[in-house]
Amino acid sequence: MSTNVLRTTDGWWAVQDERAVRIDTKAVTTAELLADRDAVREAAAFAGSGTPVADLVALPPVTTPCRVVAQMVNYRSHAKDSGFTGDIPPTFFRKASGSVSGPHEKIVRPAHVKFLDYEVELGLVMGAPLPVGTVVEEQDLPHYVAGLVLTNDVSARDVQLTKTQFYESKSYPTFTPTGPYLALLEPEDFAHLLNLRLRLSVNGVPRQDRTLADMIVRPAQALTLLARFQTLDPGDLLLTGTPGGTALKAPPKPVEKIGALLPPARKWKAFFNSQAKNPLYLRDGDLITATIATGDGRIDLGEQRTPVADAP
């Protein structure tokens, strides 16, 4: 069974049934913690009789700086929402590690961003080096992936689309809420990954709800494709895409065809004028709730509750 780990300013904690015991480790970084699995297992044996988790203030369970890499359009439902048809080439992009924030911190919308969107995503936390040229088979996943985290790939859509700029639009501070738990997996847990269900709601209204079975490029293949050009190290983070249900949707085909005939400036002005009527984009005071878990509770990454606030 997986072991949930919580990180606070006081160190690392093993969690069981909403209680936690401090892990007796000198680890400061995620990589150092992953190298001290015996200490994690020892603490996990007593976690159920420890401190209530509600009394602890969770930090992101992945320490920074680290590489943060993400997959684009990796769920069939998201591809449909985005207007893609046919085969979708696997695509990766980077996020700044400074965008990683805690599971209950505010998401701060920069003053120039008008169209702020959410994307619940499963994060893979690397447990071993992934050199360039590595081929990862399904049976190899337990060697390379140490654990899982719940993430939200927050996106400034007006920056992303008008500037074709993924790095900037997804890298502002607080744009990658992560946690609360780092779920450290045992080899037998990997057979249950496709049963993980991603859910996200805004102000209690469901927006996203899919299992990993909706995923196009699954983790082993994604790591193989990424390793064609990118090295990863223990503690690095791969975000594996989001299901359908984001605020951003592709315009109807007739509108898209008309827009393609316009100069770029006029096209984007018309598009965002229409998007201004979309009530699903995030606004000051909204509360995002997100979870990732299997139905039987074998793997449960906890719950994020992140309020949205405009920059002062």
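Refer to the structure printed above.
Residues numbered from 1 in each chain as written. Predicted model: local features only at pLDDT ≥ 70, side-chain atom pairs only at ≥ 80, totals over all residues. Heavy atoms only, no water.

**Student:** For this particular structure, what's the right way to read the sheet that holds strand β1 (residues 3-8)?
**Tutor:** Strand order in this open sheet of ten strands is β4-β3-β2-β1-β14-β11-β10-β17-β5-β6, and the pairing throughout is mixed. In this open sheet, the two strands that pair with only one neighbour each are β4 (51-52) and β6 (91-95). Across two bridges, strand β11 (residues 145-152) lies against strand β14 (residues 182-184) in antiparallel orientation. The residue of β14 that forms the bridge with Leu148 is Ala183. (Pairing = 2+ DSSP bridges. Helix = DSSP H or I, 4+ residues; strand = E, 2+ residues; numbered from the N terminus.)

**Student:** Would you mind going over the sheet that holds strand β19 (residues 300-310) with me for this structure?
**Tutor:** Pairing is mixed in the open sheet, where five strands are placed in the order β8-β19-β18-β15-β16. The open sheet has two edge strands with one neighbour each: β8 (107-109) and β16 (205-211). Adjacent strand axes in the sheet meet at a mean angle of 15 degrees when their direction is disregarded. Relative to β16, strand β15 (residues 197-202) runs antiparallel, the two being bridged by six bridges. Bridge pairing links Val202 to Val205 in β16. (Axes fitted to C-alpha atoms, helices over the stretch in contact; angles between N-to-C directions.)

**Student:** Just checking my understanding: could you explain the environment of Tyr167 for this structure?
**Tutor:** With respect to the secondary-structure elements, Tyr167 resides in helix α6 (residues 166-169). Using a relative accessible area of 45% as the deciding quantity, one classes Tyr167 as partly exposed. For Tyr167 and Arg199, which are 32 residues apart along the polypeptide, the C-alpha to C-alpha distance reads 25 Å. In contact with Tyr167, not counting residues within four places along its chain, are Arg94, Lys95 and Ala96. (Buried < 20%, exposed > 50% of the residue type's maximum accessible area, 1.4 Å probe, protein only. Contact = heavy atoms within 4.5 Å.)

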